[in-house]
Amino acid sequence: MKLQPRAGFSYYPGCSLEGMNRAYDKSARLVSKELGIDLAELDDWNCCGASAYMSIRELRAHLLSARNLALAEREKKDLAVVCPACFTNLTKTNQYMGEDPKLRRIVGSALKAANLQYLGTVRVRHLLDVIVNDIGQSDVKAKVTRPLSGLKVAPYYGCQFTRPLGEYDDKEFPMMLDTLLTWLGAEPVSFPLKAKCCGGILMTTNQSVALTLVRSLLDCATQNGAECIATICPLCHMSLEAYQGDVNKEFSTNFKVPMFYFTQLIGLAFGFGRKELGIDQELVSSKTVLEKRLVVT
Amino acid sequence: MVSLSEEPAERRAHELGDVFLDAVYGIPGGDKIKQCIQCGTCSASCPTSYAMDYTPREIIAAFRAGLLERVLRSNTVWLCSSCYYCTVRCPSGIKLTDIMYELKRLGVEFGLVQEEAVAPTLSKAFVDLVDKYGRVPETSLVMRVLLKTKPLAALKMVPQGLKLLARGRLPLLPHRIAGISEMNKCAGAMTDALVSGLHAGRSAGKET
Amino acid sequence: MAEKIGVYVCHCGTNIAQTVDCKSVVDYASGLPNVAVAREYQYMCSDPGQELIKNDIREVGLTRVVVASCSPLMHEPTFRRAVEEAGLNQFLFQMANIREQCSWISENREMATERAKAIVGAAVKRVIFQEPLEVKKVPVNPDVLVVGGGITGIEAALQIADSGKKVYLVEREPTIGGYMARFDKTFPTLDCAACILTPKMVSVGQHPNIELLSYSDVTGFSGYVGNFTAQIRKRSKYVEEEKCNGCGLCTEKCPVSVPSEFECGLGKRKAIYRPFPQAVPNIPVIDRDHCLYFTKGVCKVCVKFCPRGAIDFDQKETYLDLQVGTAILATGFDLFDASKVKQYGYGRLPNVITSLEFERMSHASGPTAGKILLKNGQMPTSVAILHCIGSRDQNNNEYCSRVCCMYSMKIAHLVHEKTGARVYEFYIDLRAFGKGYEEFYKRVLQEETIFIRGKAAEVTDVPQTPAEKGKLVVVAEDTLLGIVRRIPVDMVVLSVGFEPRKDVADVARIFSITRSQDGFFLEKHPKLAPVSTASDGIFVAGACQGPKDIPDSVAQGAAAAANALSLIDRKEVTLEPTVAVIDEESCSGCKICLGLCPYNAITFDETKKVSVVNDALCKGCGVCVAACPSGAIEQRNFTDDQLLAEVEAVCA
Amino acid sequence: MAELKSNFEPKIVGFLCKWCAYTGADLAGTSRIKYPPNVNPIRVMCSGRVDPVLVLKALAAGADGVLIAGCHPGDCHYTSGNVKTIRRFKLLQKMLDQFRIEKGRVRLEWVSASEGERYARVVETMTEDIRTLGPLNWNLRKEA
């Protein structure tokens, strides 16, 4: 089945996809291309003004997001984002500037200093939302050449995909990733903690609190039969993957749960290789799981 | 009980109180905090409240009572992980996560933070890097924070770092965006406008 | 002839005088042309205040009167009466609203005073153009329409019927009884709901003055106070009411079993069914969607067994027009849909139930015969009751549903009595305001119910400790202790709040009544006219006006009945003469007005070639006036001259 | 010039239908909501009663703006009076265009009996908008 070409997006990878989560970036670009989503990286984008920045400066955090929005507006494109934290910050600025004339005035006049302006026409979208709602079931399924049959996946959404501003799914019990996984032939397991917090940035600042949260997530996923966890947030991914060893040390547990960015699972189902999807960069090996479910390459 | 020597401090807290109230009311939707019914939904929805000196609900109560030192010297605001559960569940429509951000900013601005807390250091390092490069090179961020707060821990991180490096996940050279000077020009213009009082009602100090 | 106008500025205690310099307004008014006297007084609506006006009319010979006080919606009738009593036609009076739309909206005394002067000035200019008018009197049809057969409608219908007047009681469901018929016990006395309700239902069914139209709804409503026409749609029951004797054989033999709405899906009913055994009328209905004859064209077991040949698959729905003088709306409420708040697990976690489901379980003739049981058939050893589900919440309904605190405590008592389980109540504030309610709270405390002051944030089945395994864990902050508590229980009851009926907007439109911000019907005055509406002759009672418990609903049902009876006993009502009149000389016969009138009150006189307004049908909206290209139509008391006088005054 | 503008207090005539808008305005008062005093309320039975001629006469008499406020579409006390207001308003806007009167000067708004807050907001924004537009002085303009 031939895919219809779709209106393009400005692609906003965000800082953490340039750093430790490059595999997310790589796989996102790859599967987007395969699905006919035209992603053109936003030229010279800057930090979204993430929570750590917001914690020191409010207005300048909005200014940072506003610059990205202004750049995207110049391209006359919507903004496709993969990091939920970037999604939240960009959407928040977008929304608050619409609602609060004072903020609009302050940020607007600051942008002018760089000959930029933002009129508020850009929509900020998460890539998962684009794939599930714009591309849809039949076009995704049409690309599946190697169904992830029997692969038991805990769909992990984390916080900021729906909270507070993602209006496309339920804020308590989102279902979009579950749905996508079934299209790929995988089995999303019941995962009641799927929208709970992983501790995020606390991993650096208050590690014991963050480890406790990660532990309960790994506990819940494995007890519900998950063989791996699918993530949509680079920060969640890092917490659950890079710190799994620390959890095991701290709580004398023995977790060995491989983690996948949701785009990597799409890529696997589409027949791409581990290396193309950056799975070779993983810290917890997925080899056994993938061999067992015959999706290994 | 109140000794004479405490008076200036009390007065300072009192004056600060008004500044803080105005600052919190001033963020988008900030004045909804007046409608708090102390139901505790925020605290019970909070993934980290168990480790907090005061629950988020108590922070609002203390804030209303003018107990600013208590609010800001506690570990509470810096334990907020921005999960936004409190914000979406609050029956009074209080955007508590946004308020936590404002309280963090005020704490940093007025030097009212817990001394041993790492989070403010991290935030400051984060801001420096963004202002310098336009983006955040994660490696530099983590190293900076750890070297400043716990040099020993930084050493402990070496094996983890080597592992990441081996898998090509640690870029060592930060990338500076082309528009960094225009970005800082915008920020400068904003600060000038705020300082000159062009945008009355927004405090300028914390944006410098 | 020079007019003599009297202007009276009311202080309304401090309500006006605090923000408006009344003296200055009086001085200003004295200087206006035609003003003969201008006075201020503390309370113009009081007897001495009214006397002032009456005296001046008699002594000074006033020909026009302006009172500057509150909104005309408050006291226009009061002052009109006073003017009329002193011998002046009541339409030579004009009211200037300097309270609701002047003193109360301003904190600036100078600005408020200027505005008051403008408003008074406009009224003075307008009143000169006003003309004496005669009010129209029309007879009141003594028949009453009551919509809704819950406890409120039942009470209203019985009160009216007992006084000898005819009542049409329209009920949407197959039976009357409403929510109350589904409850087990009622707070605070713990009367069995059925024991006190069923006799009333039977009285309705047997009352010679009540015509019960069940399985029916109101599809149209027109006319004016005293003379309404209601259009009723009677849906097909597929059972002939005259023939059926309610033996129940059809239900017994029907092979189709589906979840019962009356039992919240916890029990089953047949495809031909009565919601419950004491239904009134005692006549079953066929559910088309599940009946095998309607879905597959087979079966007809009910036809075979009915001893009276009452089943009629060809029965059509019918429409009938009823002539009534007044209407009482007692259409009730819907319960908040608990599946909207996913954090409490309703619909996902099996032992999370709503308070209504609990009522059915606790009811002796309910699906578990009165036993409180978990889904696995065992008795719970601990139960949590969560207050304010859907209420006091900006994400759902902002208002307090008013009854949940009390019914939650009733549930606590019933759990305690029937299972001995440990009971937790998670609440924000306890509202036990009624007679005997606080005492009931004490009683439940005495029974060792554990009250935790904190709104439950979520219910989870993910354990954190061995003790939580296999349990439902309620997470809430115990705000009195300042700690977050996780309480493992077997069963969670969600105390869901009230909502306006789903079709409340349609009903409001049919009856031309308004709704308040929360969506419920709006009363004329929250304190002084709680069951009246802005539309004369239409009353509201019970939970359709806002959340209410049974005692308050019954009181309102009776109050609405008293209001209707008082109107009926006046025998005739007066109508505002603000109708449209057509000047035959100027009418060009273009007929534009004919199509515009929403009431078909304008006809065309073919011999004279002019349009004619039927006074009795005209409701005085003035739409035709604005549209007439030759300016031939005027609206009485809202003439172009009068409105222009006001416009000019405020623009001067 | 700027100073002149800020001292300018717009005169606005408000035609409020008795059932919704006027009751809503009453509610704003009962709820003690503060709003600018620039809209002078004139009570009509229905917004459908407001003849375009009345609006033009108000502007000619010196009003800087006119507000017509009625029940929300579908909620008209007279079933469909406000639907006619909508149609008539479109016509009126064309006329105003021909007279070169700015669109913001004449507004049609829906305010239900329970929307006191909304009424206050409508008055507030309209007053501010017209303050920005400046005085109308239609008679002077016509002569010019």
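1. Some thoughts on the arrangement of the chains
Most contacts, when the four pairs of chains in contact are compared, are made between chains A and B. In this structure chain A stays clear of chain D, and the shortest span between their C-alpha atoms is 13 Å. The least C-alpha distance between chain B and chain D, which are not in contact, is 16 Å.

2. What about the packing of aromatic side chains?
Residue and element names in this part refer to chain C. Per the stated rule, a full pass over the model turns up 28 aromatic pairs over all chains. On the numbers, 5.7 Å between centres and 65 degrees between planes, the contact of Phe-433 with Tyr-437 is edge-to-face. Among the residues examined, Phe-433 registers a relative accessible area of 44% and is labelled partly exposed. The class of Tyr-437 is buried, set by a relative accessible area of 4%. Plain terms: the ring middles of Tyr-441 and Phe-451 are 5.3 Å apart, the flat faces sit at 70 degrees to each other, and that makes the pair edge-to-face.

3. With respect to helix α2 (residues 47–59) of chain C
Residues and elements named next belong to chain C. Taking 1.5 Å of rise per residue, the 13 residues of α2 would be expected to cover 18 Å, and the 18 Å separating its terminal C-alpha atoms lies within 8% of that figure. Regarding α2, the residues found buried are Gly-49, Gln-50, Ile-53, Lys-54, Asp-56 and Ile-57. What you see down the axis of α2 is that its buried residues fit within an arc of 160 degrees, all on one side. Summarising the geometry of α2, the exposed residues directed more than 90 degrees from the buried face are Asp-47 and Glu-59. Elements that come into contact with the buried residues of α2 comprise β1 (5–10), β2 (35–41), β3 (64–69) and α3 (72–85).

4. Some remarks on the interface of chain B and chain C
Taken residue by residue, the interface counts 20 residues in chain B and 17 residues in chain C. In total, chain B and chain C occlude about 1400 Å² of area from one another, counting both sides; carbon and sulfur atoms represent 44% of this. Across the chain B-chain C interface, the total number found is two salt bridges. One salt bridge in this structure joins Arg57(B) and Glu477(C), with 2.9 Å as the shortest N-O distance. Our count for the chain B to chain C interface comes out at 15 residue pairs in polar contact (both at pLDDT 80 or more).

5. What about the sheet that holds strand β12 (residues 227–234) of chain C?
Residues and elements named next belong to chain C. If you walk across this open sheet you meet the three strands as β11-β12-β17, and the pairing is antiparallel. Whereas interior strands pair on both sides, the edge strands pair on one side only; in this sheet they are β11 (216–224) and β17 (318–324). Strand-to-strand twist across the sheet, computed as the mean angle between neighbouring axes with direction ignored, equals 20 degrees. As judged from the seven bridges shared by β12 and β17, these two strands associate in the antiparallel manner. The residue bridging Thr-229 from the neighbouring strand is Gln-323, located in β17.

6. Topic: the interface of chain B and chain A
With 65 residues of chain B at the interface, the matching set in chain A holds 69 residues. Both faces combined, the contact of chain B with chain A buries some 6200 Å², and carbon together with sulfur accounts for 59% of it. Close ionic contact of Lys92(A) with Asp98(B) constitutes a salt bridge, the shortest N to O distance being 2.6 Å. If you look at where chain B meets chain A, you find 21 residue pairs in polar contact (both at pLDDT 80 or more). Looking at the side of chain B that touches chain A, the elements that each hand over two or more residues are α5 (76–79), α6 (85–89), α7 (96–109), α8 (119–133), α11 (158–166) and α12 (180–195) of chain B. Top element by residues in the side of chain B that touches chain A is α12(B). It accounts for nine residues.

7. A short note on α8(B)
All names here are of chain B. Compared with the 21 Å implied by 1.5 Å per residue over 15 residues, the 21 Å span of α8 between its first and last C-alpha is a close match. Most of α8 sits out of view: twelve of its 15 residues are buried. Along α8, the residues that are buried comprise Ala-119, Pro-120, Thr-121, Leu-122, Ser-123, Ala-125, Phe-126, Val-127, Leu-129, Val-130, Asp-131 and Tyr-133. Phi for Gly-134, located one or two positions after α8, is positive at around 90 degrees.

8. Some words on the packing of α8(B) against α12(B)
All names here are of chain B. Contact geometry of α8 with α12 gives a least axis separation of 7 Å together with a crossing angle of 120 degrees. One element, α8, and the other, α12, form an angle in the oblique class. Mapping the contact onto sequence places Val-130, Asp-131, Lys-132 and Tyr-133 in α8 and Ile-180, Met-183 and Asn-184 in α12. Of the residues belonging to the contact of α8 with α12, the class tally is four nonpolar, one polar and two charged.

9. Thoughts on the state of the cysteines
Working definition of a disulfide: a covalent bond connecting the sulfur atoms of two cysteines. All chains considered together, the criterion is met by two disulfides over all chains. With a sulfur-sulfur separation of 2.3 Å, Cys192(C) is cross-linked through a disulfide to Cys195(C). Residues Cys192(C) and Cys195(C) are joined by a disulfide whose S-S torsion is about 90 degrees; by sign, that bridge is right-handed. For the unlinked cysteine Cys198(A), the closest cysteine sulfur is that of Cys236(A), found at 4.0 Å. Judged by relative accessible area, which is 4%, Cys198(A) ranks as buried. Of the cysteine sulfurs around Cys618(C), a residue in no disulfide, the closest is that of Cys624(C), at 6.4 Å.

10. Observations concerning the side chain of Thr88(A)
One can find Thr88(A) in helix α5 (residues 84–99). Here the side chain of Thr88(A) touches Gln160(A) through a polar contact of 3.2 Å, landing on its backbone oxygen. Those residues in contact with Thr88(A) that lie beyond four places of it in its chain are Gln160(A), Arg163(A), Pro164(A), Leu165(A) and Tyr84(B).

11. Some points on the domain arrangement of chain B
All names here are of chain B. As far as domains go, chain B holds domain 1 (8–109) and domain 2 (119–203). Listed as interface residues are four residues of domain 1 and, on the opposing side, five residues of domain 2. When domain 1 packs against domain 2, close to 360 Å² is buried across both sides, 69% of that on carbon and sulfur atoms. By the criterion of area lost to domain 2, the three top residues of domain 1 are Gly-26, Trp-78 and Val-108, representing 80% of everything that side buries. At the junction of domain 1 and domain 2, the tally comes to zero salt bridges.

12. A short note on the environment of Val67(C)
All names here are of chain C. With respect to the secondary-structure elements, Val-67 resides in strand β3. Judged by its relative accessible area of 0%, Val-67 is buried. Through-space distance from the C-alpha of Val-67 to that of Ala-96 is 6.0 Å; in sequence the pair is 29 residues apart. Every residue in contact with Val-67, bar those within four places of it in the chain, is listed here: Tyr-8, Met-44, Ile-53, Phe-79, Phe-93, Gln-94, Met-95 and Ala-96.

Calculation rules
Residues numbered from 1 in each chain as written. Chains lettered and ligands numbered in written order. Predicted model: local features only at pLDDT ≥ 70, side-chain atom pairs only at ≥ 80, totals over all residues. Heavy atoms only, no water. Contact = heavy atoms within 4.5 Å. Phe/Tyr/Trp six-rings, centres within 6.5 Å; stacked < 30°, edge-to-face > 60°. Buried < 20%, exposed > 50% of the residue type's maximum accessible area, 1.4 Å probe, protein only. Helix = DSSP H or I, 4+ residues; strand = E, 2+ residues; numbered from the N terminus. Expected span 1.5 Å × (residues − 1). Arc of directions from axis to C-beta. Buried area = accessible area lost by both parts, 1.4 Å probe. Salt bridge = Lys/Arg side-chain N within 4 Å of Asp/Glu carboxyl O. Polar contact = N/O pair within 3.5 Å; in protein donor to acceptor, adjacent residues only side chain to side chain. Pairing = 2+ DSSP bridges. Axes fitted to C-alpha atoms, helices over the stretch in contact; angles between N-to-C directions. Parallel < 35°, antiparallel > 145°, perpendicular 65-115°, else oblique. Nonpolar A, V, L, I, M, F, W, Y, C, P; charged D, E, K, R; others polar. Disulfide = S-S within 2.5 Å. Domains from an automatic or database assignment.

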